[in-house]
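Below are the chains, spelled out letter by letter.
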Amino acid sequence: MAAVRARAVLLTGSNRGIGLELVKQLLGTPRPPAWIFATCRDPEGPRAQELRDLASKHPNLVLVKLDVANPSAITDAVKIVEGKLNGAGLNLLINNAGIYTPTASLETVDSEDMIRTYKTNAVGPMLMAQAFLPLLKKAARESTEKGLSCNKAAIINISTIMGSIEKTPESFFKPVISYRCSKAALNMLTKCQALTYGEAGILCVALHPGWVKTDMGSQEADLTVDTSVRGLLSVLPILSEKHSGTLLNWEGKAIPW
Ligand code: NDP
């Protein structure tokens, strides 16, 4: 299986679930990235113990404090990453952090939940891309690869089939209004990013990881986190300009908007 060959990768929400597994599997690739910036809200806290254990064994893994709902935390993180990269660019930004309110039906959802979820799931990825854009552009300029790719410069937004308007009737037995609306916004953001950042050589794709056994997905889910992340990591190296501005699942199959 081909592996992504990005030199520098940054992930959000990497202390547990899909984010943590992405870090583990990236570290385990035959040619791991020179830099993996694993960001999370509380790198010193008990929920980041596994990440700290990994960082103590892998010098290419750097933990960075980052709450995607806090714009000044994003600015601070850019400075740290820039310092480590020492003039080089960032190839791959994976916007993975997300929140979900399982009980949010049209009867129960309120403005606070809508805004909180939108802030993390849609505004966060938008601010992340804006803030890291200079480093992504730098990576695109440094690359000798033709076309768009994750090895060169890419923004991967971890979205969900639940954000697909066309697919909504199939899963509407779980209304999760705030989550769906925020991820539909993330899907739109991905299309706008692709249309804007493509010129600078940056690929922009939304990926659905499947229904995954994590704190968010619950133990009833279809896929283990290992299977989902193996799938996601095998999709990354095949992405090119024809995929930019689309939503694909963990097996690389297109999902309608
Ligand atoms: P988990 O709930 O297991 O983990 C969520 C991660 O996001 C945690 O690391 C959490 O950190 C982090 N996070 C939440 N809010 C913020 C924030 N404001 N700033 C930084 N980090 C934050 O979820 P999954 O691993 O299952 O989900 C990962 C992504 O995959 C999400 O975007 C989700 O929507 C998507 N997805 C998941 C599916 C599933 O079945 N699991 C299905 C479809 C999509 P902390 O520990 O600090 O709370």
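From a predicted model like this one, the values you see are computed outputs, not experimental measurements. (Residues numbered from 1 in each chain as written. Predicted model: local features only at pLDDT ≥ 70, side-chain atom pairs only at ≥ 80, totals over all residues. Heavy atoms only, no water.)

A. Examining the packing of helix α1 (residues 17-27) against helix α7 (residues 225-235) more closely. Running from N to C, α1 and α7 cross one another at 60°; their axes reach a closest spacing of 9 Å. Relative to α7, the element α1 is oriented oblique. Here the hand of the crossing between α1 and α7 comes out right-handed. Of the residues in α7, those in contact with G17, I18, E21, L22, Q25 and L26 of α1 are V225, D226, V229, R230, L232 and L233. Grouping the constituent residues of the contact of α1 with α7 by class yields seven nonpolar, two polar and three charged. (Axes fitted to C-alpha atoms, helices over the stretch in contact; angles between N-to-C directions. Helix = DSSP H or I, 4+ residues; strand = E, 2+ residues; numbered from the N terminus. Parallel < 35°, antiparallel > 145°, perpendicular 65-115°, else oblique. Left-handed = near helix turned anticlockwise from the far one by under 90°. Contact = heavy atoms within 4.5 Å. Nonpolar A, V, L, I, M, F, W, Y, C, P; charged D, E, K, R; others polar.)

B. Summary view of the site of the ligand. Lining the immediate environment of the ligand, one finds 30 residues, of which N15, R16, R41, Y179 and T214 sit closest. Between the ligand and the protein, one listed contact pairs a nitrogen atom with a backbone N or O atom of V68 at 2.9 Å. Within the side chain of K183, one N or O atom sits 2.9 Å away from an oxygen atom of the ligand. Burial of the ligand by the protein chains amounts to 95% of its free accessible area of 900 Å². The set of elements that each furnish at least two residues to the shell around the ligand consists of α1 and α6 (177-197). (Near = heavy atom within 4 Å. Polar contact = N/O pair within 3.5 Å; in protein donor to acceptor, adjacent residues only side chain to side chain. Areas by Shrake-Rupley, 256 points an atom, 1.4 Å probe, with all protein chains shown as cover.)

C. Representation of the state of the cysteines in the model. By the definition in use, this model includes zero disulfides. In this structure C192 is a free cysteine whose sulfur lies 10 Å from that of C204, the closest cysteine sulfur available. C204 takes part in no disulfide bond, and the closest cysteine sulfur to it belongs to C150, at a distance of 10 Å. (Disulfide = S-S within 2.5 Å.)

D. View of the nonpolar core. Among the nonpolar cores identified, the biggest contains 37 residues, and L92, I94, C150, I156, L207, L236 and L239 are the most heavily contacted of them. Elements with a minimum of two residues in this core: β1 (8-11), α1, β2 (35-40), α2 (49-57), β4 (92-95), β5 (154-158), β6 (203-208) and α7. Residue contributions to this core peak at six residues, all from α1. Residues within four places of L236 in sequence aside, it is in contact with V4, L92, I94, C150, I156 and L207. M128, L135, A140 and Y197 belong to the second largest nonpolar core, which has 31 residues in total. (Core = buried A, V, L, I, M, F, W, Y, C linked by side-chain atoms within 4.5 Å. Buried < 20%, exposed > 50% of the residue type's maximum accessible area, 1.4 Å probe, protein only.)

E. Expanded view of the side chain of S244. Among the structural elements, S244 can be located in the loop between α7 and β7 (247-249). Assessed through its relative accessible area of 16%, S244 is described here as buried. In contact with S244, other than residues within four places in its own chain, are L148, A194, I202, L203, C204 and V205.

F. Spatial organisation of the packing of aromatic side chains. All chains considered together, the criterion is met by two aromatic pairs. Centroid distance Y100 to Y179: 4.8 Å. Interplanar angle 85°. Geometry classified as edge-to-face. Taken together, the residues Y100 in the loop between β4 and α4 (111-142) and Y179 in helix α6 connect sequence positions 79 residues apart. Assessed through its relative accessible area of 23%, Y100 is described here as partly exposed. Residue Y179 is classed as buried on the basis of its relative accessible area, which comes to 7%. (Phe/Tyr/Trp six-rings, centres within 6.5 Å; stacked < 30°, edge-to-face > 60°.)

G. Spotlight on the pairing of β2. Among the six residues in β2, six count as buried, and that is most of the element. Here β2 shows two buried faces, one formed by W35, F37 and T39 and the other by I36, A38 and C40. Bridging between β1 and β2 involves four bridges; their strand directions are parallel. If you follow V9 over to β2, its bridge partner there is I36. Note on the crossover from β1 through α1 to β2: the handedness is right-handed. Where β2 lies against strand β3 (residues 61-65), five bridges are found, and the strand directions are parallel. Among the inter-strand pairings, I36 is bridged to a residue of β3, identified as L61. (Pairing = 2+ DSSP bridges. Right-handed = clockwise from strand over helix to strand, strands pointing away.)

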